[in-house]
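This is what each chain is made of:
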Amino acid sequence: MNRFNQKTVLITGGSSGIGLATAQAFAAEGARVVITGRDAASLEQARATLGSTALAVVNDAGSTTAAQALAASLSTEGVRLDAVFLNAGAAKFAPFADVDEALWDQIFNTNIKGPYFQLQALLPLLNHGASVVINGSINARIGMPNTSVYAASKAAVISLAKTLSAELLPRGVRVNVLSPGPVATPIYNKLGLDAAQLEATAAQIQSQIPLGRFGTPEEIAATVLHLSSPESAYIVGTEIIADGGMSQL
């Protein structure tokens, strides 16, 4: 299929994991892809897998200054966007008693302030009928211990899909949230856990998934493409959950 021929899409946090899998899926369906990330080397390596028209922009997803700079850079390149996947995020878990302001700021800056002001900066570049998908998480719904800050940031993302959809509908822009459950991505190596804790946490999480396994980045990417395509035109301001039944059964 070539659902995205002559379309341009932006994926933040597109150098690995869900972001890269989504960028590759869009490219395979004919899209011109723009990806962002913080590490220039890994970003360029990812861009090389996406075809000659792909763009890669070094960008800090938690910075409002960087949000403005990204929009300005794309405008200079003459880019107009048909779909945006606000995927870049931060995940660090800590017991409530150990949470400090620095952790709070890091998580909220990257997961909610960054996407909010990035979308605001991109508004002039969005074509009529554009689709915006924000990466959420089932942690906003399941009350997992030690995830209070992360879960709260993702709950705010779910709210954004509703309020921003209502506000942007006159511009023909839809906003939805895709909330994955546990997915095998490099983000698990950034939780601040040592190897033994990480292995124990993964085993404990997997035991709660009715399908008995973690999801794959490609499975999440397929849902992003659906929400970004005309076939989902009647889905507005909602949350799609892809979690192997973890929060549903």
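This is a predicted model, so every value here is computed, not measured. (Residues numbered from 1 in each chain as written. Predicted model: local features only at pLDDT ≥ 70, side-chain atom pairs only at ≥ 80, totals over all residues. Heavy atoms only, no water.)

**Some points on the sheet that holds strand β4 (residues 81–86)**
Piece 1. Taken in spatial order, the 7 strands make up an open sheet running β3-β2-β1-β4-β5-β6-β7, and their pairing is parallel. The strands lining the two open edges of the sheet, one partner per strand, are β3 (55–58) and β7 (239–242). For this sheet, the mean angle separating the axes of adjacent strands, direction not counted, is 20 degrees.
Piece 2. With 4 bridges connecting them, strand β2 (residues 32–37) and β3 associate as parallel partners. Across the sheet, the residue bridging to Val34 is Leu55, located in β3. (Pairing = 2+ DSSP bridges. Helix = DSSP H or I, 4+ residues; strand = E, 2+ residues; numbered from the N terminus. Axes fitted to C-alpha atoms, helices over the stretch in contact; angles between N-to-C directions.)

**What about helix α8 (residues 217–228)?**
Piece 1. In this model α8 runs 16 Å from its N-terminal to its C-terminal C-alpha over 12 residues, within 8% of the 16 Å that 1.5 Å per residue would give.
Piece 2. Inspection of α8 places Pro217, Ile220, Ala221, Thr223, Val224, Leu225, Leu227 and Ser228 among the buried residues, and these make up the whole buried set.
Piece 3. Buried residues along α8 sit against α1 (17–28), β4, β5 (126–135), β6 (174–180) and β7. (Expected span 1.5 Å × (residues − 1). Buried < 20%, exposed > 50% of the residue type's maximum accessible area, 1.4 Å probe, protein only. Contact = heavy atoms within 4.5 Å.)

**Thoughts on empty space enclosed by the protein**
Piece 1. Under the definition given, this model contains 2 cavities of 30 Å³ or more.
Piece 2. Its volume calculated, the largest cavity comes out at about 70 Å³.
Piece 3. Lining the largest cavity are Thr12, Asn59, Asp60, Ala61, Leu86, Ala88, Thr110, Gly114, Pro115 and Gln118.
Piece 4. Among the elements that make up the lining of the largest cavity, the one with the highest residue count is helix α4 (residues 101–122) (4 residues).
Piece 5. Residue composition of the lining of the largest cavity, by class: 4 nonpolar, 5 polar and 1 charged.
Piece 6. In this structure, the second largest cavity occupies an estimated 30 Å³ of space.
Piece 7. Taken together, Leu86, Asn87, Ala88, Asn111, Pro115, Ile134, Asn135 and Lys154 form the lining of the second largest cavity.
Piece 8. Put simply, the parts of the chain that give the lining of the second largest cavity at least two residues each are α4 and β5.
Piece 9. When its residues are assigned to classes, the lining of the second largest cavity shows 4 nonpolar, 3 polar and 1 charged. (1 Å grid on protein atoms, 1.4 Å probe; cavity = no way out; pocket = protein on both sides within 12 Å on 5 of 7 lines; lining within 4 Å. Points joined across faces, edges and corners; volume = space filled by probe spheres on them. Nonpolar A, V, L, I, M, F, W, Y, C, P; charged D, E, K, R; others polar.)

**Considering the UniProt feature "domain: Ketoreductase" (unreviewed entry) in the protein chain**
Piece 1. Those places that UniProt annotates as "domain: Ketoreductase" (unreviewed entry) correspond, in this numbering, to residues 7–181.
Piece 2. Overall, residues 7–181 shows 46% helix and 21% strand. The separation of its end C-alpha atoms is 29 Å. (UniProt positions renumbered as here; feature names shortened; annotations may be inferred.)

**Points about the side chain of Ser165**
Piece 1. If you trace the backbone, Ser165 turns up in helix α6 (residues 148–168).
Piece 2. Within the structure, Ser165 has its side chain in polar contact with the backbone oxygen of Val175 (distance 2.7 Å).
Piece 3. A polar atom in the side chain of Ser165 sits 3.3 Å from the backbone nitrogen of Gly237. (Polar contact = N/O pair within 3.5 Å; in protein donor to acceptor, adjacent residues only side chain to side chain.)

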